[in-house]
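Reading the structure
Listed here are the chains, written in short residue letters.
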Amino acid sequence: MRLERGFHQPWAPSKKRRGGRGGASMMSPAESSGGAWRRTSVLSRVATALWAASVAVAPCSAAGTIAGVAGTVANGEQVAISGSGFGTGPVVVLFDDFELGTDGSVILTGSGSARVGQWNALGETKPTYSSASEVSGNLAFRADMSSHWLAYAEALLPVSTRDVFVSWNLFLPSGDNIPGEGTDEGTNWKQLWIQGQDSGDDDLVTPTILGYTSFFINGNDNPYTKWITLNFSKGTWLRMFCWIKGGASSDGGVKFYEVTSGGIIARANDSSVSTLYAEGYFERVRVNGYGRVTSNSHPMFDDVYIAAGPAAQARVELGNDSSYYRATRLATSTPTSWADGQISATVRTGGFKAGEAVYLFVVTSDGVPSAGFPVTIGGSSSVEPPAVPDNLRRDDTR
């Protein structure tokens, strides 16, 4: 990837798409020739609304079946999930709800800096814990883009990682500027940057935000690119998740999802694509990876979850609908052990509050969610869902 000043760069960056710091400001069809963005027309708004009304369809693979959940479904508590067809589990690299620091203090790094795993490095401008807004708890990650374009938190991936799953919540205050907004260089915000290194760099941004209407899954040097639609707006938390399968010979994949008020929508769902160059790997994930220096710009993140390995997509989640893809709110828990018929996990309730009725899902390594198992936040559960009696008949058959 093309790294910026202040970071040791031991390899030559690709000259493709070079421009200002952090790569060229690539123009989408929605941008004007001067590099500025513009709001969508009535027609494109209608098209976006129609697209947002559709709900993603689960892949056609076998789903696991949850038979029971034992334990208290409360934040930080352990539960045991029994059933069948869960397959194999992920390598959980990091989970952070940003509750380990204090308001205004710099994000911690090193051992114990996150709920699971750790943050390994910070950018030139250090992001902080903030109570300005949050999804869970009382604090979230907050960056200040007024003095330097690197204001990230970085988590290293296991050696030779090719498959990565990330979920996160993104927020920009309603009165703030998008990084680059109002500047001569134009908007450019690599808000979630998966980076790698080989002769081709192998980086992907999911996605680069180039304005209100311009969202680009791309890298400074990666064979995969895709323009997508996204319901991004200032003053509203946006939950996204993605899975990148590394492949250099049209054997990779990209899935990118947005959680909307109409359910979960697949913005990218591509297979048989190249996402790495030969011998390449993904090495790190940067939250708030890059943004052009901009006054009054304070990106925020919360409940960041990163997993790796061939089963990186496998996960345990809570949602507010019995059908996964109809959920408009999600929270990802962190598994501590995983077998085909039994999972132990630490509950992460996200924005769900005590007493809320929600559903627990197990998603397999193929990305297929189970049917939702009903649980209550703060409540204990050890029962299985009732079986349908063999002699059940309708009254109108008499």
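Structural data are supplied above this passage.
The following paragraphs examine the structure supplied in this document. (Residues numbered from 1 in each chain as written. Predicted model: local features only at pLDDT ≥ 70, side-chain atom pairs only at ≥ 80, totals over all residues. Heavy atoms only, no water.)

1. With respect to the overall build of the chain
Note the cut-off: Numbering of helices and strands starts at the N terminus; helices are DSSP runs of H or I of at least 4 residues and strands are runs of E of at least 2. Buried means the residue's accessible area, taken with a 1.4 Å probe over protein chains only, is under 20% of the maximum for its type, while exposed means over 50%, and partly exposed covers the values in between. Only the protein chains shown count as cover for residues, with accessible areas throughout obtained via the Shrake-Rupley method and a probe of 1.4 Å.
Within the chain one finds one helix and 23 strands. Within the span of the chain, comprising 398 residues, buried residues form 54% of the whole. Surface accessibility of the chain: about 15900 Å² in total, with carbon and sulfur atoms responsible for 50%.

2. Some thoughts on the pairing of strand β7 (residues 153-161)
Short version of the rule: Paired strands, as defined in this entry, are two strands with at least two bridges between them according to DSSP.
Of the strand pairs in this sheet, strand β4 (residues 121-122) and β7 are connected by two bridges, and their pairing is antiparallel. Its bridge partner being in β7, L122 is matched across the sheet by A153. Sheet topology places β7 next to strand β16 (residues 282-291); five bridges connect them, and they run antiparallel. Within β16, the residue paired with A155 across the bridge is V285.

3. Some thoughts on the side chain of S274
For clarity, the cut-off: Counting of polar contacts relies on pairs of N or O atoms within 3.5 Å, with two restrictions inside protein: one atom must be capable of donating a hydrogen and the other of accepting it, and residues adjacent in sequence are counted only when both atoms are side-chain atoms. Residues count as neighbours in contact if any of their non-hydrogen atoms are within 4.5 Å of one another.
Looking at the secondary structure, you find S274 in the loop between β15 (263-273) and β16. We classify S274 as buried; its relative accessible area is 18%. Within polar-contact distance, the side chain of S274 engages the backbone oxygen of A248 at 3.5 Å. From its side chain, S274 meets the backbone nitrogen of S250 in a polar contact 2.9 Å long. Excluding residues that lie within four positions of it along the chain, S274 makes contacts with N222, P223, Y224, G247, A248, S249 and S250.

4. Description of the side chain of T294
Tracing the chain through its elements places T294 in the loop between β16 and β17 (300-308). Apart from residues lying up to four places away in sequence, T294 is in contact with M145, S146, N177, I178, P179, G180, E181 and T183.

5. Description of the layout of surface pockets
Using a probe with the size of a water molecule, rolled over the atoms, empty space left in the structure can be pinpointed. What counts here: Residues are said to line a cavity or pocket when one of their atoms sits within 4 Å of a point; the points come from a 1 Å grid over protein atoms alone, cavities being sets where a 1.4 Å probe fits but cannot get out and pockets being open sets with protein on both sides within 12 Å along at least five of seven lines. Grid points are joined across faces, edges and corners, and a volume is the space filled by probe spheres set on the points. Throughout this entry, Asp, Glu, Lys and Arg are counted as charged residues, while Ala, Val, Leu, Ile, Met, Phe, Trp, Tyr, Cys and Pro are counted as nonpolar. The remaining residues, Gly among them, count as polar.
Counted as a void, the second largest pocket has a volume near 330 Å³. Along the walls of the second largest pocket sit 18 residues, with N169, W237, R239, T328 and R329 positioned nearest its centre. Counting only elements with at least two residues in the lining of the second largest pocket, the list comes to β13 (238-245) and β14 (252-260). Ranked by residue count, the leading element in the lining of the second largest pocket is β14, at three residues. Across the lining of the second largest pocket, the residue classes break down as seven nonpolar, eight polar and three charged.

6. Comments concerning the pattern of salt bridges
Oppositely charged side chains can form a pair if their charged atoms are brought close together. The criterion, for reference: Note on definitions: salt bridges are taken to be side-chain nitrogens of Lys or Arg within 4 Å of carboxyl oxygens of Asp or Glu.
Under the counting rule described, the total for this entry stands at twelve salt bridges. For R286, the salt bridge identified is with E154, shortest N-O distance 2.8 Å. Placement of the pair is R286 in strand β16 and E154 in strand β7, with a sequence separation of 132 residues. A relative accessible area of 1% means that R286 is categorised as buried. Two residues, R267 and E258, come together in a salt bridge whose shortest N-O distance is 2.9 Å. Residues R267 and E258 agree in their burial class; the two are buried. What emerges from the salt-bridge pattern is a single network uniting E154, E283, R284 and R286.

7. Looking at the environment of L210
With respect to the helices, strands and loops of the structure, L210 is situated in the loop between β10 (204-209) and β11 (215-218). Given a relative accessible area of 0%, L210 falls into the buried group. Distance in space between the C-alpha atoms of L210 and P179 is 8.9 Å, their sequence separation being 31 residues.

8. Considering the sheet that holds strand β12 (residues 226-228)
Pairing is antiparallel in the open sheet, where seven strands are placed in the order β4-β7-β16-β9-β10-β11-β12. Here the strands that pair on one side only, and so sit at the sheet edges, are β4 and β12.

9. Here's the deal with unusual backbone geometry
Going from T206 to P207, the amide bond is cis rather than trans, its omega being -20 degrees. Notably, F98 is not glycine yet its phi reads approximately 60 degrees, a positive angle. Here F98 is to be found in the loop between β3 (91-96) and β4. Phi angles above zero are rare outside glycine, and N288 is one such case at about 60 degrees. Of note, N288 is situated in strand β16.

10. Considerations on the packing of aromatic side chains
Just so we agree on the cut-off: In this analysis, rings of Phe, Tyr and Trp, with Trp reduced to its six-membered ring, are considered paired at centre separations within 6.5 Å, and the interplanar angle assigns stacked below 30 degrees, edge-to-face beyond 60, and tilted for intermediate values. Only Lys NZ and Arg CZ are tested; either one counts as a charge over a ring when it is within 6 Å of the ring centre and within 35 degrees of the ring normal.
Under the counting rule described, the total for this entry stands at 13 aromatic pairs. On the numbers, 5.2 Å between centres and 85 degrees between planes, the contact of Y324 with Y325 is edge-to-face. Judged by its relative accessible area of 3%, Y324 falls in the buried class. Taken together, the ring pairs in this structure connect F165, F241, Y257, Y305, Y324, Y325 and F361 into an aromatic cluster. Lying across the ring of W193, K190 places its NZ or CZ 5.6 Å from the centre. The lysine or arginine in question, R286, covers the ring of Y152, its NZ or CZ lying 3.9 Å from the ring centre.

11. So, the environment of P374
Secondary-structure assignment places P374 in strand β22 (residues 373-376). Along the chain, P374 and S322 lie 52 residues apart, while their C-alpha atoms are 7.5 Å from each other. With near-sequence residues (within four places) excluded, P374 lies in contact with V358 and Y359.

12. With respect to the nonpolar core
Soluble globular proteins: nonpolar side chains tend toward being buried together. To keep things clear, this is the line we draw: Nonpolar cores were defined as sets of buried Ala, Val, Leu, Ile, Met, Phe, Trp, Tyr and Cys residues, with membership established by side-chain atoms within 4.5 Å.
If you look at the biggest cluster of nonpolar residues, it comprises 50 residues, and the most contacted ones within it are W119, W168, F232 and I306. Beyond its immediate sequence surroundings of up to four residues, I306 is in contact with V91, V92, V93, L94, A155, L157, V164, F165, V166 and V285. Membership of the second largest hydrophobic core comes to 21 residues, among which are V79, I343, F352 and L360.

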